[in-house]
Amino acid sequence: MVGEKAKAKINLTLDVLYKRPDGYHEVEMVMQSVDLSDHLLFDERGDDQITLSCNVPYVPLDERNLAYQAAALLKSRYQIRKGVHIKIDKQIPVAAGLAGGSSDGAATLRGLNRLWNLGLSLHDLAKLGAELGSDVPFCVYGGTAIAKGRGEQIERLAVACPLWVVLVKPSFSVSTADVYGNLRVQEIKTHPDTKGMIRSLAEGNPEAIVSHLGNVLESVTFQMYPDLEKLKQSMIRFGAMGALMSGSGPTVYGIADRESKAQRIYNALRGFSREVYLTRFL
Ligand SMILES: C[C@](O)(CO)[C@H](O)COP(=O)(O)OP(=O)(O)OC[C@H]1O[C@@H](n2ccc(N)nc2=O)[C@H](O)[C@@H]1O
Ligand SMILES: Nc1ncnc2c1ncn2[C@@H]1O[C@H](COP(=O)(O)OP(=O)(O)OP(=O)(O)O)[C@@H](O)[C@H]1O
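Bear in mind that the values here come from a model prediction, so they are computed numbers and not experimental data.

### Considering the packing of aromatic side chains
Phase 1 of the analysis: The full count for this structure, using the stated rule, is 2 aromatic pairs.
Phase 2 of the analysis: Considering the side-chain rings of Phe 172 and Tyr 225, the 4.2 Å spacing of their centres and the 20 degrees angle between planes classify their relative orientation as stacked. Of this pair, Phe 172 sits in the loop between β7 (164-168) and α5 (176-182) while Tyr 225 sits in the loop between α8 (218-224) and α9 (227-237), and the two are 53 residues apart along the sequence.
Phase 3 of the analysis: Judged by its relative accessible area of 26%, Phe 172 is partly exposed.
Phase 4 of the analysis: Ring geometry for Phe 238 versus Phe 272: centroids 5.9 Å apart, planes at 45 degrees, classification tilted.

### Section: the UniProt feature "active site" (unreviewed entry) in the protein
Phase 1 of the analysis: Within this numbering scheme, the UniProt entry marks Lys 9 and Asp 135 as carrying the feature "active site" (unreviewed entry). Look at the named residues: they lie 127 residues apart in sequence, but the longest C-alpha span between them is just 9.3 Å, so in the fold they bunch up.
Phase 2 of the analysis: Along the polypeptide, Lys 9 turns up in strand β1 (residues 2-19).
Phase 3 of the analysis: A relative accessible area of 3% places Lys 9 in the buried class.
Phase 4 of the analysis: In this view, Lys 9 contacts Met 31, Gln 32, Ser 33, Gly 97, Leu 98, Ala 99, Asp 135, Phe 138, Ser 246 and Gly 247; residues no more than four positions away in its chain are not counted.
Phase 5 of the analysis: Among the polar contacts listed, one links the side chain of Lys 9 to the side chain of Asn 11, at a separation of 2.7 Å.
Phase 6 of the analysis: Structurally, the position occupied by Asp 135 is in the loop between α3 (122-129) and α4 (136-141).
Phase 7 of the analysis: Beyond its immediate sequence surroundings of up to four residues, Asp 135 is in contact with Lys 9, Met 29, Met 31, Ala 99 and Ser 102.

### Looking at the side chain of Thr 221
Phase 1 of the analysis: For Thr 221, the position within the fold is in helix α8.
Phase 2 of the analysis: Thr 221 sits in the buried class, given a relative accessible area of 0%.
Phase 3 of the analysis: Not counting residues up to four positions away in its chain, the partners in contact with Thr 221 are Val 174, Val 179, Leu 228, Met 245 and Ser 248.

### Re the pairing of β7
In summary, the side chains of a regular strand alternate between the two faces of the sheet.
Phase 1 of the analysis: Counting buried positions along β7 yields 5 of 5 residues, so the element is predominantly enclosed.
Phase 2 of the analysis: Side chains of β7 alternate between two faces, with Trp 164, Val 166 and Val 168 and Val 165 and Leu 167 buried alike.
Phase 3 of the analysis: Summarising the sheet, β7 and strand β10 (residues 252-256) pair through 5 bridges and their orientation is antiparallel. Along β10, the bridge assignment pairs Val 166 with Gly 254.
Phase 4 of the analysis: Across 5 bridges, β7 lies against strand β11 (residues 276-280) in antiparallel orientation. The partner of Leu 167 across the bridge, within β11, is Tyr 277.

### A closer look at the site of ligand 2
Phase 1 of the analysis: Near ligand 2 there are 19 residues, and of these Ala 95, Gly 97, Gly 101, Asp 104 and Asp 135 occur at the shortest range.
Phase 2 of the analysis: Between ligand 2 and Thr 176 there is a distance of 3.2 Å, counted from an oxygen atom to a side-chain nitrogen or oxygen.
Phase 3 of the analysis: Coverage of ligand 2 by the protein chains reaches 78% of its 610 Å² of free accessible surface.
Phase 4 of the analysis: Ranked by the residues each element gives to the shell around ligand 2, the list is headed by helix α2 (residues 100-115), at 4 residues.
Phase 5 of the analysis: Tallied by class, the residues present in the shell around ligand 2 amount to 8 nonpolar, 6 polar and 5 charged.

### A short note on the packing of helix α1 (residues 66-77) against α2
Phase 1 of the analysis: Relative orientation of the contacting elements α1 and α2 amounts to 35 degrees, with a least axis distance of 7 Å. α1 and α2 meet at a crossing whose hand is right-handed. Contact residues: Leu 66, Ala 67, Ala 70, Ala 71 and Leu 74 in α1; Gly 101, Ser 102, Asp 104, Gly 105, Thr 108, Leu 109 and Leu 112 in α2.
Phase 2 of the analysis: Its residues assigned to classes, the contact of α1 with α2 comprises 7 nonpolar, 4 polar and 1 charged.

### Comments concerning the pattern of salt bridges
Phase 1 of the analysis: In the structure shown here, the tally under the stated rule is 14 salt bridges.
Phase 2 of the analysis: Note that Asp 47 and Arg 45 form a salt bridge whose closest N and O atoms lie 2.8 Å from each other.
Phase 3 of the analysis: Across the pair Lys 232 and Glu 218 runs a salt bridge whose closest N-O atoms are separated by 3.0 Å. One end of the pair, Lys 232, is in helix α9; the other, Glu 218, is in helix α8, with 14 residues separating them in the sequence.
Phase 4 of the analysis: What makes Lys 232 partly exposed here is its relative accessible area of 21%.

Rules used throughout
Residues numbered from 1 in each chain as written. Chains lettered and ligands numbered in written order. Predicted model: local features only at pLDDT ≥ 70, side-chain atom pairs only at ≥ 80, totals over all residues. Heavy atoms only, no water. Phe/Tyr/Trp six-rings, centres within 6.5 Å; stacked < 30°, edge-to-face > 60°. Helix = DSSP H or I, 4+ residues; strand = E, 2+ residues; numbered from the N terminus. Buried < 20%, exposed > 50% of the residue type's maximum accessible area, 1.4 Å probe, protein only. UniProt positions renumbered as here; feature names shortened; annotations may be inferred. Contact = heavy atoms within 4.5 Å. Polar contact = N/O pair within 3.5 Å; in protein donor to acceptor, adjacent residues only side chain to side chain. Pairing = 2+ DSSP bridges. Near = heavy atom within 4 Å. Areas by Shrake-Rupley, 256 points an atom, 1.4 Å probe, with all protein chains shown as cover. Nonpolar A, V, L, I, M, F, W, Y, C, P; charged D, E, K, R; others polar. Axes fitted to C-alpha atoms, helices over the stretch in contact; angles between N-to-C directions. Left-handed = near helix turned anticlockwise from the far one by under 90°. Salt bridge = Lys/Arg side-chain N within 4 Å of Asp/Glu carboxyl O.

Given below as C-alpha cells:
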C-alpha cells in the first residue's frame, strides 16, 4: 500500500493574455500550494480493475474522477496489467477553485509511479498530467510556480514565504468552463503584474506580495455572484492584509503575516460561512 497527500492550490495571480484557436485561454499565473490536503491510499487489487472510494458522497467514483483518469492513463500508456483501489479522504472543498480534483489526479500519478515501480520523474508525470487537465502539472510538483500556456507549462520558484491564508468556500460551486466562457479578454481593465509578484516572493516581502495579488477572472465570477465581492471586502475589514478569489472561484482567501491575525479573521468569518479554513503557504 502507498499513500500520497494531494495539496490544494491558490492563485496569487491569474492573468489571461488571449483566447487561443483551440478554445483555451493563454494564461500567466503564480500558483501556491497551501496546507489543506486530501489523502489518497493506493492498494493493489487481485484483478486489473480501477476502483475508488471517497468519504464525500457527491464526488464521482467512475471515469469522471481525475484520480481514476490518472490511473487509467498510466495503465494504458505503460501497459500495466494490474488493478488498484484508490481511497480518497477528501478535505479540499469540491468545485471551489482550489484544484481539488486536479491534485487528486496528480497524487495518483505520483502514488502509482511508486506502487507500480515505473521509475518516472516528476517532469514525466507533469507531462502526462497535462493530458488530464490544465492544473494537474502544477499539482504534480506543488510549492510555488509560474504557470503558462493553458496552465500546464510550469516554472518552479524556489521561495519560501511563511504567510497564513484564510479560505472561505461559499455554499455554491462555479464551473471553470462557464467563467472562462463569460470572459471578454479585450475588456480586461487591469492585468496583474506577474513579474512584480515573482520579485516580491523572491524578496519574501509580505506587503509587496499582497500588493501584487490579482485575478482577471474575479470580475467575471463577481458579476455572476455579487455576494463574493462583499466576502472579499469582509476579509479586509476583519484584518486581512489582502484578499483575492482563487482560480475561477468561488473560494475567496485572505492573507495574514501572523497566525494570531489569521485566527482572528478565521473566527470572524466562521459566523458567515460553514466552510472556512485556516491554512498557510507550503
Ligand atoms: C482556473 C484555473 O483553476 C486556474 O488555476 C485553471 O485555469 C483551470 O484549470 P482546470 O480546472 O484544470 O481546467 P481544464 O479542466 O483544463 O479546463 C476546463 C475548462 O476551462 C476552460 N479553460 C481552462 C484553462 C484555460 N487556460 N483556458 C480555458 O478556457 C476551458 O473551457 C476548459 O474546457
Ligand atoms: N477527485 C476529485 N475530487 C473532486 N471532484 C472531482 C474529482 N474528480 C473529478 N471531479 C469533478 O470535478 C468537478 C470540479 O471539482 P474540483 O474540486 O476539481 O474543482 P476546482 O477546485 O474548481 O478545480 P480547478 O481549480 O482545477 O478548476 C467536480 O464537480 C467533480 O464532479
